[in-house]
Amino acid sequence: MKKVILNQEVLYYDFVNCPKGYEIDRHQIRHEMMWGYLNSKKEHPTLTQYPMRHCLSFDYLGEYIRDFLGQFVEHQFKLVFKQRFGYILKQDEYVASRNDIDILDIKASPVYTLVYGVELEDHSSNLIIHHNIKKTPNCTWSIPMQNNKFIIFPSHLNYEITSNNSKLNSFYLIQTYDEVIYGNKGA
């Protein structure tokens, strides 16, 4: 009997645990998010996601994610960074259900989306992923978010961040990636 997997949707999550000397400076990321927020609000007061300048911690996070996924994915691939933005959620604010696919340009859309908890109180909100299981539509998977926790999943899946139930602002980093496949492991 032969087996072919036509569709498989896998999510990966954990806490970032970089080696000594390559730790992610979440305060630096938060600073860049605030810079993007303050500069964007001047021109676009209704904007909800904020662009950021580059900082070294983004490189460390990207390398960590590439190495982490390399341990679990059965084929050899390269993650190619596409876009980065942030959400700063005040008390009772949330991110409505969305995905990172551009339906007008599917080919240029990312393959993976990463959600990273930069600065937030434990369990102040959840990340919810919407998916289907064969004939059962509208299934969800929910995970409480914490500092330094990441979830990476296929970009076509809808996700939302529930209402921030903390009095403090919550900072979420979103990064999207393309995937370049170049062989099977062990082949």
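Residues numbered from 1 in each chain as written. Predicted model: local features only at pLDDT ≥ 70, side-chain atom pairs only at ≥ 80, totals over all residues. Heavy atoms only, no water.

## A closer look at a nonpolar patch on the surface
Then step 1. A contiguous nonpolar patch, built from I103, L104 and I106 and spanning about 400 Å² of accessible area, is present on the exposed surface.
Then step 2. For I103, the location among the structural elements is in the loop between β3 (95-98) and β4 (112-119). (Patch = residues over 30% accessible without salt bridge, like charges linked within 9 Å, V, L, I, M, F, W, Y side chains within 5 Å. Areas by Shrake-Rupley, 256 points an atom, 1.4 Å probe, with all protein chains shown as cover. Salt bridge = Lys/Arg side-chain N within 4 Å of Asp/Glu carboxyl O. Helix = DSSP H or I, 4+ residues; strand = E, 2+ residues; numbered from the N terminus.)

## Observations concerning the pattern of salt bridges
Then step 1. Enumeration according to the criterion identifies five salt bridges in this entry.
Then step 2. R26 serves as the salt-bridge partner of E119, at 3.7 Å between the closest nitrogen and oxygen. Of the two residues, E119 is situated in strand β4 and R26 in helix α1 (residues 26-43); the sequence distance between them amounts to 93 residues.
Then step 3. Since its relative accessible area comes to 18%, E119 is described here as buried.
Then step 4. One salt bridge in this structure joins R53 and E32, with 2.8 Å as the shortest N-O distance. Taken as a pair, R53 in the loop between α1 and α2 (56-70) and E32 in helix α1 lie far apart in primary sequence, 21 residues in all.
Then step 5. Its relative accessible area of 34% is what places R53 among the partly exposed residues.
Then step 6. A residue is classified by how much of its surface remains accessible, and E32, at 8% relative accessible area, is buried. (Buried < 20%, exposed > 50% of the residue type's maximum accessible area, 1.4 Å probe, protein only.)

## Section: the environment of E32
Then step 1. Sequence separation between E32 and H54 is 22 residues; the distance between their C-alpha atoms is 7.9 Å.
Then step 2. Sequence-distant contacts of E32, that is, excluding residues within four places in its chain, are made with M52, R53 and C55. (Contact = heavy atoms within 4.5 Å.)

## Some remarks on the nonpolar core
Burial of nonpolar side chains together is a common tendency in soluble globular proteins.
Then step 1. Counting residues in hydrophobic clusters, the biggest one holds 29 residues, and the most contacted among them are I65, L69, Y116, F150 and I152.
Then step 2. Among the elements of the structure, α1, α2, β2 (75-89), β4, β7 (149-154) and β9 (170-184) are those that each provide at least two residues to this core.
Then step 3. In terms of residue count, α2 provides more of this core than any other element does, six residues in total.
Then step 4. Those residues within four positions of I65 in sequence are excluded, and the remaining contacts are L79, L114, F150 and I152.
Then step 5. One finds I151, F153, Y172 and I174 within the second-largest nonpolar core, a separate group that totals 17 residues. (Core = buried A, V, L, I, M, F, W, Y, C linked by side-chain atoms within 4.5 Å.)

## Some remarks on unusual backbone geometry
Then step 1. A positive phi is found at D92, a non-glycine position, where the angle reads about 70°.
Then step 2. With respect to the helices and strands, D92 occurs in the loop between β2 and β3.

## Some remarks on the confidence of the model for the protein chain
Then step 1. Per-residue confidence for the protein chain gives a mean pLDDT of 89, with 96% of residues at or over 70.
Then step 2. At the low end of the mean pLDDT range in the protein chain sits β9, at 85; at the high end sits strand β8 (residues 159-161), at 97. (pLDDT = per-residue confidence, 0-100.)

## Remarks on the pairing of β7
A regular strand places its side chains on the two faces of the sheet in alternate fashion.
Then step 1. The buried fraction of β7 amounts to six of the six residues, a majority that puts the element mostly inside the structure.
Then step 2. Both strand β1 (residues 12-15) and β7 contribute to a ladder of four bridges, which runs antiparallel. Within β7, the position partnered with Y12 by the bridge is I152.
Then step 3. Across five bridges, β4 lies against β7 in antiparallel orientation. Along β7, the bridge assignment pairs Y116 with F150. (Pairing = 2+ DSSP bridges.)

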